[in-house]
Amino acid sequence: MREVFDIAVIGAGMAGASLAAELAPHARVLLIEAEDRPGYHTTGRSAAFWDECYGGPDIVPLTVASGPYLREHGFLSPRGGLYLGRESDAAALDAFMERFAHTGIEIHRLGRAEVAKLIPGLRPEWTGAVSEPASADIDVAGLHQQYLACASRSGVTLALRARLAAAEREGDGWRLASERGEEWRAGVLVNAAGAWADSVAALAGAKTLGIKPMLRTVVQLRTDPAPPSTLPLTLDIRGSFYFKPESGRLWLSPHDETPCDPCDAAPEELAVAEAIDRFERVVDWRIEAVERRWAGLRSFAPDRLPVYGFALEREGFFWFAGQGGFGIQTAPAAARLAAQTILGLPRDAMTDKLDAALYSPERF
Ligand SMILES: Cc1cc2nc3c(=O)[nH]c(=O)nc-3n(C[C@H](O)[C@H](O)[C@H](O)COP(=O)(O)OP(=O)(O)OC[C@H]3O[C@@H](n4cnc5c(N)ncnc54)[C@H](O)[C@@H]3O)c2cc1C
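Report on the accompanying structure. (Residues numbered from 1 in each chain as written. Predicted model: local features only at pLDDT ≥ 70, side-chain atom pairs only at ≥ 80, totals over all residues. Heavy atoms only, no water.)

### Details of the overall build of the protein chain
Each helix and strand in the protein chain was counted, giving 8 helices and 20 strands. Against the compact-globule benchmark of 21 Å for 364 residues, the protein chain has a radius of gyration of 21 Å, which places it among compact chains. In terms of principal-axis extent, the alpha carbons of the protein chain reach across some 70 × 40 × 35 Å. Relative to its full complement of 364 residues, the protein chain shows a buried share of 55%. Sequence separation of 24 or more characterises 71% of the internal contacts of the protein chain that already satisfy a separation of 6 or more. Roughly 14900 Å² of accessible area belongs to the protein chain as shown, and the carbon and sulfur atoms make up 51% of that amount. Charge-centre separation for the protein chain: the mean point of 38 positive side chains lies 2 Å from the mean point of 49 negative side chains. (Helix = DSSP H or I, 4+ residues; strand = E, 2+ residues; numbered from the N terminus. Rg over C-alpha atoms; globule rule 2.2 N^0.38 Å. Buried < 20%, exposed > 50% of the residue type's maximum accessible area, 1.4 Å probe, protein only. Contact = heavy atoms within 4.5 Å. Areas by Shrake-Rupley, 256 points an atom, 1.4 Å probe, with all protein chains shown as cover. Lys, Arg positive; Asp, Glu negative; His and termini not counted. Charge placed at Lys NZ, Arg CZ, Asp CG, Glu CD.)

Structure representation (structure tokens):
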């Protein structure tokens, strides 16, 4: 006999795990994951920062609303952020200040002398920055595990090695089947499939939204000097690199964004070389070794905002996708908002300032 659930969530990355945990006290929830461990894809490959400006002003409310939860549970460690520029970027730095002026985020314009104190060996052409003192490191694995543990304690059934292969309407719900032939029934189907979000929509007969996976690369470098533990998360105001210290090493990304089919993403040599070339133009440090390299897929809807909400044209189909480069730092508020929408619950202190229409699939 098929097991029956109120809600089936497809994908056990940060999106699916956090939403399952939020739904679990109120409903019978099934969490279906294709891989043999949750978090194998994008969630396990992030650069692990919580940066209030990242993703733009319409992402700020989600990031800010998630902050208190992340702080209370010990998932944030102070780091500080710097958006770095050359003389020719002065207008871009000013425009950045203006773009976020109404958001309530604390940001400051810094000159060369202040920036050079924060980044030893900074090359002379880097003359200014916007500093974001609240920017923090985020414990991605800790947060993901906490959501999985909460979900499990509240009775969520986790099906691993279970790639959803069929989803058909049956009565007032869904008949679901995995590639290996497991079958379930559920009232609501939630699409939290990350890079595969459009494929899952197509499988379930919902309209696809043009959610595109983009490859992003990170390298771990051993440098001389080693990065000071106080080094801020440093991002190019032009968006061509970011770096931060991690346990005595440096994590560096060329900020690449290569369109890609959904897959087990692997780093490209060219991106690694570009990252190093760009970094060497920022500081005079010596690179002793490339110790690790990895890549992951950041998925974006056409307007680069996430998609949370029921599909208009497909009954019982809920989007929780397009988490872009901010799906970890926004997870608590995003999951709470989505759970409230699915269950018809009132907003609470975490979500009452969010404008759900910004993220609704109805905008397409
Ligand atoms: C290099 C890099 C750096 C990043 N840095 C940051 C950062 O510093 N801060 C931040 O907030 N965000 C960051 N991000 C973004 C963040 O990692 C993502 O937004 C987030 O992990 C997305 O989570 P997800 O659950 O939507 O996707 P995923 O973690 O990819 O989970 C989707 C899951 O769905 C499963 N799935 C797909 N199809 C099916 C199917 N048919 N049946 C069953 N299961 C299926 C997959 O196996 C996968 O496990 C970064 C991303 C990358 C790549």
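Following the structure, the description resumes.
### Topic: the site of the ligand
Taken together, 38 residues are adjacent to the ligand, and Glu-33, Thr-43, Phe-49, Leu-164 and Gln-329 come closest. Isolated, the ligand exposes 1000 Å² of accessible area, and the fraction of that covered by the protein chains is 98%. At the level of elements, α1 (14-23), β13 (212-224) and β18 (286-300) are the ones that each hand at least two residues to the shell around the ligand. Looking at the shell around the ligand residue by residue, the class counts come to 19 nonpolar, 13 polar and 6 charged. (Near = heavy atom within 4 Å. Nonpolar A, V, L, I, M, F, W, Y, C, P; charged D, E, K, R; others polar.)

### Here's the deal with the environment of Thr-157
For Thr-157, the location among the structural elements is in strand β9 (residues 157-159). Looking at Thr-157, the relative accessible area reads 28%, which means it is partly exposed. In the structure, Thr-157 is positioned 165 residues away from Gly-322 in sequence and 24 Å away in space, judged by C-alpha atoms.

### Quick word on the side chain of Thr-223
Tracing the chain through its elements places Thr-223 in strand β13. A polar atom in the side chain of Thr-223 sits 2.7 Å from the backbone oxygen of Pro-225. In this structure, Thr-223 is in contact with Phe-279, Trp-285, Arg-286, Ile-287 and Glu-288, ignoring residues within four places of it in sequence. (Polar contact = N/O pair within 3.5 Å; in protein donor to acceptor, adjacent residues only side chain to side chain.)

### Overview of the packing of α1 against helix α8 (residues 331-343)
α8 packs onto α1 with a crossing angle of 55 degrees between their chain directions and a minimal axis gap of 8 Å. Between α1 and α8, the angle is such that the two are oblique. Remark: the crossing between α1 and α8 carries right-handed chirality. When α1 is examined against α8, the residues Met-14, Ser-18, Leu-19, Glu-22 and Leu-23 are found in contact with a partner set consisting of Ala-331, Ala-335, Arg-336, Ala-338, Ala-339, Ile-342 and Leu-343. Of the residues belonging to the contact of α1 with α8, the class tally is 9 nonpolar, 1 polar and 2 charged. (Axes fitted to C-alpha atoms, helices over the stretch in contact; angles between N-to-C directions. Parallel < 35°, antiparallel > 145°, perpendicular 65-115°, else oblique. Left-handed = near helix turned anticlockwise from the far one by under 90°.)

### Observations concerning the pairing of strand β19 (residues 307-310)
The pairing of β19 with strand β20 (residues 317-321) spans 4 bridges and is antiparallel. The residue of β20 that forms the bridge with Val-307 is Ala-321. Where β19 folds back on β20, the antiparallel hairpin that results is connected by 6 residues, among which Gly-316 adopts a positive phi of roughly 75 degrees. (Pairing = 2+ DSSP bridges.)

### Re unusual backbone geometry
For the peptide bond that leads from Asp-224 to Pro-225, omega is 0 degrees, which places it in the cis range. Position of Pro-225 among the secondary structure elements: in the loop between β13 and β14 (233-236). Positive phi is not limited to glycine here, since His-255 has a value of about 60 degrees. Position of His-255 relative to the elements: it lies in the loop between β16 (249-253) and β17 (258-259).

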